Amino acid sequence: MRTDTPQTIYRKDYTPPAYLVDTVELGFDLDPETTIVASRLTMRRNPDSTEAGIELYGQNLKLVALRMNGATLREGDYRISSNVLRISKAPDQVTLEIETLTSPAQNTTLNGLYVSNGNFFTQCEAEGFRCITYFPDRPDVMAKYTVMLRADKQKYPVLLSNGNLVEAGDLPDGRHYAKWEDPFKKPSYLFALVAARLVCQEETFKLMDGRDALLQVWVEDGNLDKTDYAMQSLKNSIRWDEERFGLELDLDRFMIVAVSDFNMGAMENKGLNIFNTKFVLANSRVATDVDYAGIEAVVGHEYFHNWTGNRVTCRDWFQLSLKEGLTVFRDQEFSADMIGTDSGRAVTRIEQVRTLRQAQFPEDAGPMAHPVRPDSFVEINNFYTVTVYEKGAEVVRMYQTLLGRDGFRKGMDLYFKRHDEQAVECDDFRAAMADANGRDLAQFERWYSQAGTPVLTASGKYDARWLTFELTLSQSCPATPGQPDKLPFHIPVAVGLLGADGKDLPLTVGGKQHGGTAVLELTEASQVFRFTGVKEEPTPSILRDFSAPVVLNYPYTDDELLHLFSHDSDPVNRWEAGQRLAMERLLKLTAASAHGSKQELDDTFIEAMRKILVDESLDAAFRENALLLPSETMVAEQMEVVDPQAIHRARQFMRRVIGERLRADLHAQYDANLTPGDYSPDAISAGKRGLKNIALAYLSAAPDEHSDALARRQFDEAGNMTDRVAALVSLIHSESAGAALALEKFYDEFDNEALVIDKWFAMQAAAPGTDVAMVRSLMRHPAFTLKNPNRARSLLFNFANGNPAQFHAPDGSGYAYWAEQVMALDKLNPQVAARLARSMDRWRRYSPALQAQMKTALQKVAGAPKLSNDVTEVITKALS
Ligand code: ARG
Ligand code: ZN
């Protein structure tokens, strides 16, 4: 929360802490209204610092007592201003004792210590620990923690903190206590406590070195039937990190706790991961295939942080991608390995590319664009972004592409050898990769320092006389805020050449032979790569497996794209060819729709889609992805001036024509991909459901009696949530007469399952027929609350980001609504409010009429009294 004018913090201003902390003893007397926190810190002067005094951060705390080396400090011995407590004169060795009060029940920010459903939880990353006690709350201060928890035994039978339980027992007045000790040094952002009425699923698990570890998944009573998949994912994660990276669990006990009020996905607190319920709870009745995949990824992600984040942490928050980009890469590889097949792996890669285009490229092209390692911020919570996470993961993936899997592993080994139990920088990771492989990766640094999505322009020239193919690759990068000019990146470009028969030609480039794919390294603004011994004019397949996070321009003809779409041995580029074919047509249809001219879709495209749909040699999951059209947001990103309604009409038209023209084949694939019997979330079954349900979606886009009956039957008879949701979405989108009743039935059946009710709101928010007035009326539903982030996101975010044609209503009603909700949310939870504020990032790309209304809405928020730093930063950057 803002106390005075927001201040910008710069990476270049980093200085080491004046004092280090060796040990922390914390005592909590937990009470929702007033919790007493007593802390005892042993500190010593940092030889690497030139500063004199002690600096502790604290926010919304009442200071009750402060003692240094046994003597009480009075005002004057210390000073508190703008959330910093300074003790200017202190000896080299210090024991500080601090007593503070805090009010968890009043804390609606879900940052620090808070109450959810009557239970206590903490969230300390990035700077929540300072809302619990005064502390040098910065990641480069690492200490050993001992924690004593005291609370009412009836209300809070379970008392958890980091590390190992060393003592527990009863106290007078119906209270009890538990003492926890974390054997590892950690930064304060990894501290956690839970005091709650919860139950757990647990088991012991044998680690690589033969030790037993106790694994627990804690949930509210009534949810123990939804913990199996999280537990299984945890065991798979532990095994995978041992096998792929030789990294073992370093604790005797590893706990996951689910909480329904949570700002983000989950948090990797040492030994005590706290999760949004959305990424823990699943059974076939309530969770979809996408939910299952999310649980596997997030459980893996938080577990992998134990090494990449916890054992080796960040020097400062500008280095956030050091742990997040790396850990996202690790969870992506984990999910891919869990599927096991090459084609399954490719589907996960396609989904990653889609996320980048849907969310990261727009961020990189908008007012909040920032490098993977930002140079400045006002509020660090605004930088937990798709750039730091997903583009950061792409940067890590490029090391592996350049160095190979074994080279990457060598780099990881050296990184841990050098930096275990240290707080380091992104540059240290790059140095480990370079040194372990004897490679110069100096230029690679630009991926960390320069924002914006590079544009890779390619052209090819075949010479039939010399049997050469010359591929010219050029790069540029658009200006971003604060960075008008960019220097060339070090870009791995994976290339294959297809012959007329669709097979990969053998490659020789620069005198070196490759298999079917060569990884070219583009380091200059422009370079020519000469392939020799090319026996026929090839079709180039460029940027295979999406080898770098760039936009590729190549003057492909339709015939070339159709050739790639039918034959490319690289599944990602095969999919990509289909996306290009679809995008070209969507843009033309959008223009036609805007001008009111006739919409037409060519047979060539429809036949290409048919070929993929019915090709049973391909995985169902691949076919589903190939049939999925670029989203309205992705089309918008390709337009100079975005016309949301025309885009929507164009995409709906295309879906309807595909539905009409492929009707018989869609029905046949629907029938061929049923998954009778018990539900299993495995990739093959999920792929079949995905293909069957996209067939249903196309059929419903061209609704007739049969498709309506099919959707109704699927809704009534489905044995799992994936099929229920797909059927309900089809009914809603086709404006079936059965939609209203189905929605009502769905609500009644699941009114006890918060995560399913979130889906109920989300489906309606994103439906093309839902306008602002309907969203407002959904907000008045008794089950709606702004206080629960999942619920707020399900309605507000799905409307603002997932229903562009309605959100951008020409009368500006969507923007006025947005402004109201950002301001209302900001009073409760600035972090979530700032996320909603981001929905207006791309406002300058709309027509002048819409821009004017968006600007009014932005200015309205900017002028609101007592706006948080979080929202202020986002809005200021949007308007600047
Ligand atoms: N480190 C967590 C994760 O990615 C994210 C926590 C971020 N929380 C926040 N309030 N910024 O796994
Ligand atoms: Zn993370």
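Rules used in this analysis
Residues numbered from 1 in each chain as written. Chains lettered and ligands numbered in written order. Predicted model: local features only at pLDDT ≥ 70, side-chain atom pairs only at ≥ 80, totals over all residues. UniProt positions renumbered as here; feature names shortened; annotations may be inferred. Helix = DSSP H or I, 4+ residues; strand = E, 2+ residues; numbered from the N terminus. Pairing = 2+ DSSP bridges. Buried ≥ 20, exposed ≤ 12 C-beta atoms within 10 Å, placed from the backbone. Near = placed C-beta within 6 Å. Axes fitted to C-alpha atoms, helices over the stretch in contact; angles between N-to-C directions. Parallel < 35°, antiparallel > 145°, perpendicular 65-115°, else oblique. Left-handed = near helix turned anticlockwise from the far one by under 90°. Contact = placed C-beta atoms within 7 Å. Nonpolar A, V, L, I, M, F, W, Y, C, P; charged D, E, K, R; others polar. pLDDT = per-residue confidence, 0-100. Expected span 1.5 Å × (residues − 1).

*Asks:* Honestly, the UniProt feature "domain: Aminopeptidase N-like N-terminal" (unreviewed entry) in the protein chain in this entry has me stumped. Any pointers?
*Replies:* The UniProt entry lists residues 89-190 under the feature "domain: Aminopeptidase N-like N-terminal" (unreviewed entry), expressed in the numbering used here. Annotated as residues 89-190, this span is 0% helix and 50% strand, and its ends, taken at the C-alpha atoms, are 29 Å apart.

*Asks:* Whenever I open this one, the UniProt feature "domain: Peptidase M1 alanyl aminopeptidase Ig-like fold" (unreviewed entry) in the protein chain confuses me. Can you help?
*Replies:* When the UniProt feature table is mapped onto this chain numbering, "domain: Peptidase M1 alanyl aminopeptidase Ig-like fold" (unreviewed entry) sits at residues 452-554. Strand forms 49% of residues 452-554 and helix 0%; the C-alpha atoms that close the span are 20 Å apart.

*Asks:* Can you help me understand the sheet that holds strand 22 (residues 272-276) in this one?
*Replies:* The strands making up a sheet are joined through hydrogen bonds of the backbone, oriented either antiparallel or parallel. Strand order in the open sheet formed by 5 strands is 18-19-20-22-21, with mixed pairing between adjacent strands. Whereas interior strands pair on both sides, the edge strands pair on one side only; in this sheet they are strand 18 (199-206) and strand 21 (266-267).

*Asks:* For this particular structure, what's the right way to read unusual backbone geometry?
*Replies:* The bulk of non-glycine residues show a negative phi, and the bulk of peptide bonds are trans. Cis geometry marks the peptide bond from Glu-125 to Ala-126, where omega comes out at 0°. Its identity as a non-glycine residue notwithstanding, Ser-82 has a phi of 35°, on the positive side. The topology assignment puts Ser-82 in the loop between strand 7 (79-81) and strand 8 (84-87). Judged by the 9 C-beta atoms lying within 10 Å of it, Ser-82 falls in the exposed class. Positioned with a positive phi, Glu-421 is a non-glycine residue whose angle comes to about 65°. Tracing the sequence through the fold places Glu-421 in the loop between helix 5 (386-419) and strand 25 (423-424). With 12 C-beta atoms packed within 10 Å, Glu-421 lands in the exposed category.

*Asks:* Can you help me understand the site of ligand 1 in this one?
*Replies:* By nearness alone, 13 residues border ligand 1, and Glu-125, Met-264, Met-267, Asn-381 and Tyr-384 come closest of all. Only strand 21 and helix 2 (289-305) provide two or more residues apiece to the shell around ligand 1.

*Asks:* Looking at this structure, how should I read the packing of helix 8 (residues 558-567) against helix 9 (residues 571-595)?
*Replies:* For any two helices packed against each other, one specifies the crossing angle of their axes together with the interaxial distance. Close contact between helix 8 and helix 9 brings their axes to 7 Å; oriented N to C, the two are set at 140°. When the axes of helix 8 and helix 9 are compared, the pair comes out oblique. Two packed elements cross with a definite hand, and for helix 8 against helix 9 that hand is left-handed. Taking contact as the criterion, the partners of Leu-561, Leu-564 and Phe-565 in helix 8 are, on helix 9, Asn-573, Arg-574, Ala-577, Gly-578, Arg-580 and Leu-581. Of the residues that constitute the contact of helix 8 with helix 9, the class distribution is 5 nonpolar, 2 polar and 2 charged.

*Asks:* Before we go on, may I ask you to explain the confidence of the model for the protein chain in this structure?
*Replies:* Reading predicted coordinates in detail is not appropriate for stretches of low pLDDT. Chain-level statistics for the protein chain give a pLDDT mean of 98 and a share of 100% at 70 or above. On the interface metric, ipTM, the complex scores 0.98, and its pTM is 0.99.

*Asks:* What is the right way to read the sheet that holds strand 28 (residues 491-498) from this model?
*Replies:* Pairing within the open sheet is antiparallel, and its 3 strands lie in the order 31-28-33. Looking along the sheet, the strands with just one partner apiece sit at the ends: strand 31 (518-522) and strand 33 (539-542). Adjacent strand axes in the sheet meet at a mean angle of 35° when their direction is disregarded. The pairing of strand 28 with strand 31 spans 5 bridges and is classified as antiparallel. Each residue of the ladder has a partner; that of Ala-494, found in strand 31, is Val-519.

*Asks:* What's the story with helix 19 (residues 754-765) in this structure? I'm lost.
*Replies:* Residue pairs spaced three or four apart in an α-helix point in one direction, given the helix's 3.6 residues per turn. Between the first and last C-alpha of helix 19 there are 16 Å, a value that for 12 residues agrees with the 16 Å anticipated at 1.5 Å per step. The element helix 19 is extensively covered by neighbouring structure, given that 11 of its 12 residues are classed as buried. Within the sequence span of helix 19, burial applies to Leu-755, Val-756, Ile-757, Asp-758, Lys-759, Trp-760, Phe-761, Ala-762, Met-763, Gln-764 and Ala-765. Packing partners of the buried residues in helix 19 comprise helix 17 (721-733), helix 18 (739-749), helix 20 (772-779) and helix 21 (789-802).

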